[in-house]
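Commentary on secondary and tertiary structure
Chain residues, written in single-letter form:
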Amino acid sequence: MKRLRNTLAAGAAVAGLVGGHSAYAAGTLAGTLIQNTANATFSSGTSTSTIQSNTVTVKVDQLIGVAVTPLTTTPVTIGSAPAVLIYQVTNTGNGSDTFNLTGAPTVSGNAFNATLQTVAIDTNGNGVYDPGVDTVITNGAASQTLAPDASIKVFLLAASPTTATDAQTSQVRLTAVSVIGSGTPGTLFAGKGTAGVDAVVGASGGTANALASLIASLAGVTLTKSAVVADPYGGTNPVPGALVTYTIVAHVAGSGTAASLTVTDAFPVGTTYQANSLTLGGTGLTDTADSDAGTASATGITVTLGSVAGGTADKTIAFKVKIN
């Protein structure tokens, strides 16, 4: 009987590997009774007789199988906000099964290793991560029970480490392992299958994994400050009464965005700010806090630039002080 069971399992595994489509739910459902009775007809003298053999019944074992497919097919940008990677986990066996789901951001060849924040299952099936709706599970915990050929979408939320630099790439792996068991194809788990049938590890080994990619999208900011002096006598000497025009150039590099970018500068000791001299890109800003980007207080200036994408035009700020 054991030889027959292994032959059936091996046959089902082969059947799942041939054909023009994916090796999903392999063959006859686990627990199905396959019955067969032989017949013989013969003549003896002037009569013809028909006889039957005993009926042989074989209960189909459960073949364990799983497939993991990345639904994120192009690198997802990762920067100040976590990236969401999407995978599909499919029960390719012939019986109901559950699978332990493990996300791993440390993959050989990564330029950086992201920080895994969340593992979640797509509860409403819309393919979009919905906080508070989709089911968050502990990394390595089991999925819900999946019928043969049933699939779920799994989200891995990954955050960028501080060591990542712009345009670096990384991969994150999702692994699914049958709760019934895994190992070398043909391994038997007695009585562990659907309705108490035996379970046999199929071609997948009871485990599967897939990789999805990340690309760092970060921004770097540099400030360059210069000063031009105009003295009361038409020269450029920094004497009392001379005007000093300070210019600050904010440059944003990289493919990401510098969010909430704010530039501040304190007035130098021994100088007096010249009212309403503050400009942004050559356009005057009021000194008071209002709808424009700048303010000037008794101690210094503040200019709020907001979100600035890398590679956009530099932001130039200028203001004047008089040497006391």
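Note that the coordinates shown come from a computational prediction; the quantities given were computed from them, not determined experimentally.

Quick word on the overall build of the protein
- Summing up its helical and strand segments, the protein has one helix and 23 strands in all.
- Relative to the 2.2 N^0.38 estimate, which gives 20 Å for 324 residues, the radius of gyration of the protein is 35 Å and therefore markedly larger than a compact globule would have.
- Referenced to the eigenvectors of the C-alpha coordinate spread, the extents of the protein come out at roughly 145 × 35 × 30 Å.
- Every one of the 324 residues in the protein was classed for burial, and the buried ones make up 36%.
- When contacts within the protein are restricted to residue pairs at least 6 apart in sequence, long-range pairs at least 24 apart make up 71% of them.
- Each charge sign in the protein was given a centre, from 11 positive and 14 negative side chains, and these centres are 14 Å apart.

Digging into the sheet that holds strand β17 (residues 257–266)
- Overall, antiparallel pairing links the three strands, which are arranged β17-β22-β21 in an open sheet. The open sheet is flanked by β17 and β21 (294–296), the only strands paired with a single partner. Between one strand and the next, the sheet's axes are offset by a mean angle of 15°, whatever the strand orientation.
- Here three bridges tie β21 to strand β22 (residues 300–309), and the two strands are oriented antiparallel to one another. Note on β22: the bridge partner recorded for T295 is T302.

Concerning the side chain of D97
- Following the sequence through the fold, D97 ends up in the loop between β6 (83–91) and β7 (99–104).
- No salt bridge is formed by the buried D97, whose closest oppositely charged neighbour, K192, lies at an N-O distance of 12 Å.
- Apart from the residues within four sequence positions on either side, D97 is in contact with Q62, I64, N91, Q144, T145, L146, S178, V179 and I180.

Some words on the packing of aromatic side chains
- For the coordinates displayed, the defined rule picks out five aromatic pairs.
- Summarising the aromatic geometry, the rings of Y273 and F319 are spaced 6.5 Å apart at their centres and angled 50° between planes, so their arrangement reads as tilted. Pair noted here: Y273 is in strand β18 (residues 271–273) and F319 is in strand β23 (residues 315–323), with a separation of 46 residues, a long-range link.
- For Y273, a relative accessible area of 14% corresponds to the buried category.
- Through a chain of ring-to-ring contacts, three or more aromatic side chains come together here, namely Y246, F267, Y273 and F319.
- Directly above the ring of Y246 sits K225, whose terminal nitrogen or CZ lies 4.5 Å from the centroid.

A look at the environment of V56
- Among the structural elements, V56 can be located in strand β2 (residues 47–59).
- Contacts of V56, omitting those with residues within four sequence positions, involve I34, Q35 and N36.

Thoughts on the pairing of strand β11 (residues 169–178)
- Every second residue of β11 is oriented toward a common face, the buried set being S170, V172, L174, A176 and S178 and the non-buried set T169, Q171, R173, T175 and V177.
- Where β7 lies against β11, six bridges are found, and the strand directions are antiparallel. Along β11, the bridge assignment pairs G103 with L174.
- As paired elements, β11 and strand β14 (residues 207–216) share nine bridges and run antiparallel to each other. The residue of β14 that forms the bridge with A176 is A208.

Conventions and cut-offs
- Residues numbered from 1 in each chain as written.
- Predicted model: local features only at pLDDT ≥ 70, side-chain atom pairs only at ≥ 80, totals over all residues.
- Heavy atoms only, no water.
- Helix = DSSP H or I, 4+ residues; strand = E, 2+ residues; numbered from the N terminus.
- Rg over C-alpha atoms; globule rule 2.2 N^0.38 Å.
- Buried < 20%, exposed > 50% of the residue type's maximum accessible area, 1.4 Å probe, protein only.
- Contact = heavy atoms within 4.5 Å.
- Lys, Arg positive; Asp, Glu negative; His and termini not counted.
- Charge placed at Lys NZ, Arg CZ, Asp CG, Glu CD.
- Pairing = 2+ DSSP bridges.
- Axes fitted to C-alpha atoms, helices over the stretch in contact; angles between N-to-C directions.
- Salt bridge = Lys/Arg side-chain N within 4 Å of Asp/Glu carboxyl O.
- Phe/Tyr/Trp six-rings, centres within 6.5 Å; stacked < 30°, edge-to-face > 60°.
- Lys NZ or Arg CZ within 6 Å of the ring centre and 35° of its normal.

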